[in-house]
Amino acid sequence: MTPSEALPLGATIGILGGGQLGRMSAMAAARLGYRCHIYAPEADSPAMQVSAAATIAGYEDVAALQRFAAEVDVVTYEFENVPAATLAALAGRVPCRPGPRALAICQDRIAEKQFLAEAGVPVAPWRAVHSLAELTAALAEIGLPAVLKTTRLGYDGRGQAVLRTAGDAAEAFARLSPKPLILEAFVPFTAEISAIAARGLDGAVASYDAVENRHRHHILDLSFAPARLPAAAALAARENVARVAVALELVGIVALEMFLLGDGSLLGNEIAPRPHNSGHWTMDACACGQFEQHIRAVAGLPLGPVTRHADAVMRNLVGPEGLAAWPALVARTDVVAHWYGKGEAKPGRKLGHANRLLALGTLAALDDVSACDGL
Ligand code: AMP
């Protein structure tokens with residue numbers, strides 16, 4: 001890469017989306033000498049509070065999008081469900097990183113599964129389902145239990161149903177249709193893990209250590225970094241996400257959620273072409289965290305070092321309980337606490353997170369990482 005490909009100091013990065021991922025990206029961008037312009041429908045969003053400029057407009061507002069494109073040097077996203085029309089309004093006017101192909105693949109579970117398999121990442125058996133008859137046929141092939149999911153716009157366990165008996169099929173189909181659906185074999189995983197990779201404008205790829213994720217009420221609660229995995233699985237997790245970054249021809253950051261099976265093998269589940277909640281630990285336990293890495297890639301800078309200098313436990317601060325936990329966490333000297341500046345502490349709302357830092361090797365030496373559950 002020639003230096004001229006990197007955004008000059010003082011250039012403006014446009015971010016679609018105003019949530020915490022945009023906020024932390026904008027804070028990382030400021031540290032590297034860039035300004036951010038946030039585009040989101042809501043005023044006073046977490047990202048706008050820390051950015052130089054904001055456009056408050058809908059994602060379908062073509063005129064506002066075109067004005068935004070004229071005011072920024074590059075566009076990135078903090079969520080993957082950016083409407084195709086939004087991209088069309090921006091494309092050709094300003095570089096979009098990641099580009100439309102990566103987004104299209106990650107917006108659709110069927111495209112995602114096909115892509116993962118082609119990229120060499122194994123996935124659980126699956127079938128596309130458009131009717132109750134197709135669901136019955138798919139269940140006969142895949143067996144029970146199985147998971148029925150909407151192919152688009154599902155997150156945090158929404159838009160899915162676990163089928164335990166053949167009798168569950170009709171009700172689940174009625175609830176989730178007429179949206180296009182996918183039936184997946186239920187994976188008897190021993191742990192849920194994820195890994196994150198960045199790919200720069202120059203094609204360089206760097207991946208972080210894989211982490212183990214635990215959920216509460218379908219929302220990420222804790223990430224343990226590093227995941228306690230056999231060495232081969234730890235390597236495979238990083239290789240998998242690096243393969244995804246390369247096959248997506250990504251410029252930016254990508255997270256791959258995976259299931260760990262009893263035999264140490266991994267199955268790919270979901271891809272997010274953006275900074276990811278399970279990567280928040282990198283902000284404080286790595287030389288260059290995921291948000292800085294994302295900005296580096298998008299700005300055409302060389303990627304930073306992914307070296308982990310501590311073990312970490314990341315806890316999400318969610319809803320009223322998260323708010324109540326804040327005073328004690330922000331007072332601790334072994335915790336780095338992050339608050340997102342959201343208004344009301346509604347149940348289920350991610351308000352902040354806390355990274356507890358531990359000496360390297362601490363998690364591997366514990367009999368049970370649950371000892372760190374309370375942080
Ligand atoms: P997803 O929206 O695909 O990330 O799914 C949300 C959660 O549902 C995952 O984190 C898993 O705990 C569970 N889940 C999803 N798909 C499967 C599957 N095929 N087998 C077992 N559990 C699953």
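Computed from a predicted structure; not experimentally measured.

(A) Up close: the site of the ligand. Within the structure, the ligand sits among 15 residues, and Arg109, Lys149, Ala185, Val187 and Glu192 are positioned closest to it. The side chain of Arg109 places a nitrogen or oxygen atom 3.0 Å from an oxygen atom of the ligand. Relative to its unbound accessible surface of 480 Å², the ligand loses 88% to contact with the protein. Across the shell around the ligand, the residue classes tally to six nonpolar, three polar and six charged. Both domains that furnish three or more residues to the shell around the ligand are identified here as domain 2 (125–185) and domain 3 (191–372).

(B) Up close: helix α7 (residues 168–176). Within α7, the full set of buried residues consists of Ala169, Ala172, Phe173 and Leu176. Here the buried residues of α7 occupy an arc of 100° about the axis, which is enough to place them on one side. Structural note: α7 exposes Glu171, Ala174 and Arg175 on the side pointing more than 90 degrees away from its buried face. The inward-facing, buried residues of α7 contact β5 (126–129), α6 (132–142), β6 (146–150), β7 (160–163) and β8 (181–185).

(C) Structural context of helix α10 (residues 290–299). When you tally the buried positions in α10, you get 10 out of 10 residues, the bulk of the element. Against β1 (12–16), α1 (20–31), β4 (74–77), β9 (191–199), β13 (252–260) and α9 (282–285) lie the buried residues of α10. Following α10 by one or two positions, Gly300 adopts a phi angle in the positive range, close to 80°.

(D) Spatial organisation of the nonpolar core. Ranked by internal contacts, the top residues of the largest apolar core, which has 42 residues, are Ile13, Leu16, Tyr34, Tyr39, Val75, Tyr77 and Leu90. Listing elements by their share of this core, those giving two or more residues are β1, α1, β2 (35–40), α2 (62–71), β4, α3 (84–90) and α10. Per element, the largest residue contribution to this core is five residues, and it comes from α1. If we skip the residues at most four places from it in the chain, Ile13 touches Leu7, Ala29, Tyr34, Arg35, Cys36, His37, Val74, Thr76, Ile295 and Val298. In terms of nonpolar packing, the next biggest core, distinct from the first, is built from 31 residues, Leu116, Val121, Trp126 and Leu229 among them.

(E) Just the pattern of salt bridges, in detail. The tally for this structure, following the rule as stated, stands at 16 salt bridges. We note a salt bridge from Arg127 to Glu141, for which the minimum N-O separation is 2.4 Å. Pair noted here: Arg127 is in strand β5 and Glu141 is in helix α6, with a separation of 14 residues, a long-range link. One network of salt bridges, with partners in common, ties together Asp209, Arg238, Arg308 and Asp311.

(F) Structural detail: the side chain of Ser45. Relative to the elements of secondary structure, Ser45 occurs in the loop between β2 and β3 (53–56). Non-local contacts of Ser45, meaning those with residues more than four positions away in its chain, are made with Gly18 and Ile38.

(G) Fine view of the packing of α6 against α7. In contact at an axis separation of 10 Å, α6 and α7 are set at 135° when each is read in the N-to-C sense. As far as their axial angle goes, α7 and α6 are oblique. In the crossing of α6 with α7, the sense of the turn from one axis to the other is right-handed. Where α6 approaches α7, its residues Leu132, Leu135 and Leu139 are matched on the opposing element by Ala169, Ala170 and Phe173. Counted by class, the contact of α6 with α7 contains six nonpolar, no polar and no charged residues.

Analysis parameters
Residues numbered from 1 in each chain as written. Predicted model: local features only at pLDDT ≥ 70, side-chain atom pairs only at ≥ 80, totals over all residues. Heavy atoms only, no water. Near = heavy atom within 4 Å. Polar contact = N/O pair within 3.5 Å; in protein donor to acceptor, adjacent residues only side chain to side chain. Areas by Shrake-Rupley, 256 points an atom, 1.4 Å probe, with all protein chains shown as cover. Nonpolar A, V, L, I, M, F, W, Y, C, P; charged D, E, K, R; others polar. Domains from an automatic or database assignment. Buried < 20%, exposed > 50% of the residue type's maximum accessible area, 1.4 Å probe, protein only. Helix = DSSP H or I, 4+ residues; strand = E, 2+ residues; numbered from the N terminus. Arc of directions from axis to C-beta. Contact = heavy atoms within 4.5 Å. Core = buried A, V, L, I, M, F, W, Y, C linked by side-chain atoms within 4.5 Å. Salt bridge = Lys/Arg side-chain N within 4 Å of Asp/Glu carboxyl O. Axes fitted to C-alpha atoms, helices over the stretch in contact; angles between N-to-C directions. Parallel < 35°, antiparallel > 145°, perpendicular 65-115°, else oblique. Left-handed = near helix turned anticlockwise from the far one by under 90°.

That's the geometry; what it means functionally is another story.
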